[in-house]
Amino acid sequence: MIRHLSPTEKSQKDFYQSYKCKGPIVMLNMLKFRKLTDYKDHPSLDPGNEISGQEAYRLYSAATLPLVQKAGGEVVYFGSIANFLIGPEDEHWDAILLVRYPAVEKFIAFAGSEEYLKTAGHRTASLEDSRLLPTALPSM
C-alpha cells in the first residue's frame, strides 16, 4: 500500500500554480489513523508510551490549532466517517476535517512555518494514510 502523508514536489508546485485565487480556500482532509503510533522518524515528540493514532492526532491538533488560528484559519468541521454512501466498499477512512484559510498565501505560510514543523511529526506518527484536497469557490 502506498501511503500519502506529505505532498510531493510536483503536487506542491501544481498547488502553488493552480490556486492563484483571491479569497478563501478550504482544505479537505481525509484521515486514516494507525492503530498504534510510529514515532521512529520523530523520536523527540514520542510521548514515551504506546498510544493510538487517534490519540496522537489529538496531540497534533492541540499543537496545531493555535497556529491555524494565528494564520487566520478556522476548523469548519471535524467528524468521524462510517461507510461511503457512494464510493468503493473496500475504501475506509476514519475522519474528515475541513479547515478554512482566508487565502492560499496564509495556508502556505502556516504549513511552512518553523512553529508548525516542530510538531507536525505527531501527524505523521498518527496516520496510516491521508488525503488533502484544496478547494476554492469557483470564479464567477
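Above: the structure in question.
Conventions we followed
Residues numbered from 1 in each chain as written. Predicted model: local features only at pLDDT ≥ 70, side-chain atom pairs only at ≥ 80, totals over all residues. Heavy atoms only, no water. Buried < 20%, exposed > 50% of the residue type's maximum accessible area, 1.4 Å probe, protein only. Helix = DSSP H or I, 4+ residues; strand = E, 2+ residues; numbered from the N terminus. Pairing = 2+ DSSP bridges. Expected span 1.5 Å × (residues − 1). Bend = angle between axes of the 7 residues up to and from the residue. Patch = residues over 30% accessible without salt bridge, like charges linked within 9 Å, V, L, I, M, F, W, Y side chains within 5 Å. Areas by Shrake-Rupley, 256 points an atom, 1.4 Å probe, with all protein chains shown as cover. Salt bridge = Lys/Arg side-chain N within 4 Å of Asp/Glu carboxyl O. Phe/Tyr/Trp six-rings, centres within 6.5 Å; stacked < 30°, edge-to-face > 60°. Lys NZ or Arg CZ within 6 Å of the ring centre and 35° of its normal. Core = buried A, V, L, I, M, F, W, Y, C linked by side-chain atoms within 4.5 Å. Contact = heavy atoms within 4.5 Å. Axes fitted to C-alpha atoms, helices over the stretch in contact; angles between N-to-C directions.

Caption draft 1: Geometry of the pairing of strand β1 (residues 25–33). Across the 9 residues of β1, 7 count as buried, placing the element largely inside the fold. The sheet contact formed by β1 and strand β3 (residues 95–101) spans 7 bridges and is antiparallel. Bridging across to β3, M27 finds its partner in V99. When β1 meets strand β4 (residues 127–136), the two strands line up antiparallel, connected through 9 bridges. Across the sheet, residue M30 finds its bridge partner in β4, namely R131.

Caption draft 2: Examining helix α2 (residues 53–70) more closely. With 18 residues, α2 extends 26 Å from end C-alpha to end C-alpha; this agrees with the ideal 26 Å at 1.5 Å per step. The axis of α2 is deflected most strongly, by about 35°, at T64, and proline P66 appears within four residues downstream. Within α2, the full set of buried residues consists of G53, A56, Y57, Y60, T64, L67 and V68. G72, located one to two residues past α2, shows a positive phi value of around 90°.

Caption draft 3: Local environment of a nonpolar patch on the surface. Together, L65, V75 and F78 make up a nonpolar patch on the protein surface, roughly 240 Å² of accessible area in all. Inspection of the secondary structure puts F78 in strand β2 (residues 74–80).

Caption draft 4: Broad picture of the side chain of T64. Relative to the assigned elements, T64 resides in helix α2. Judged by relative accessible area, which is 6%, T64 ranks as buried.

Caption draft 5: Layout of the pattern of salt bridges. Under the definition given, this model contains 4 salt bridges. Between K70 and E115 there is a salt bridge, and its shortest N-O distance comes to 2.9 Å. With a gap of 45 residues between them, K70 in helix α2 and E115 in helix α4 (residues 114–119) connect regions that are remote in the sequence. For D129, the salt bridge is made with R131, and the minimal N-O distance between the two is 3.0 Å.

Caption draft 6: Up close: the packing of aromatic side chains. Counted according to the given criterion, the structure contains 8 aromatic pairs. Positioned over the ring face of W93 is K32, at 5.0 Å from the centre of the ring.

Caption draft 7: Representation of the nonpolar core within the structure. Of all hydrophobic cores here, the largest spans 20 residues; its most connected members are Y57, Y101 and F110. Elements that contribute at least two residues to this core include exactly β1, α2, β3 and α3 (104–111). Residue contacts for F110: discarding those within four places in its chain leaves T64, L67, V68, A71, Y101 and Y116. The next biggest cluster of nonpolar side chains, apart from the first, holds 5 residues, and it includes Y39, L45, A56 and A125.

Caption draft 8: Up close: the sheet that holds β3. With antiparallel pairing, 4 strands are arranged side by side in an open sheet as β2-β3-β1-β4. With one partner strand each, in any of the chains shown, β2 and β4 form the two edges of the open sheet. Ignoring which end each strand starts from, the neighbouring axes of this sheet average 15° apart. The strands touched by α2 within the sheet are β1, β2, β3 and β4, with β1 carrying the most contacts at an inclination of about 160°. α3 rests against β1, β3 and β4 of the sheet, and its axis sits at about 40° to β1.

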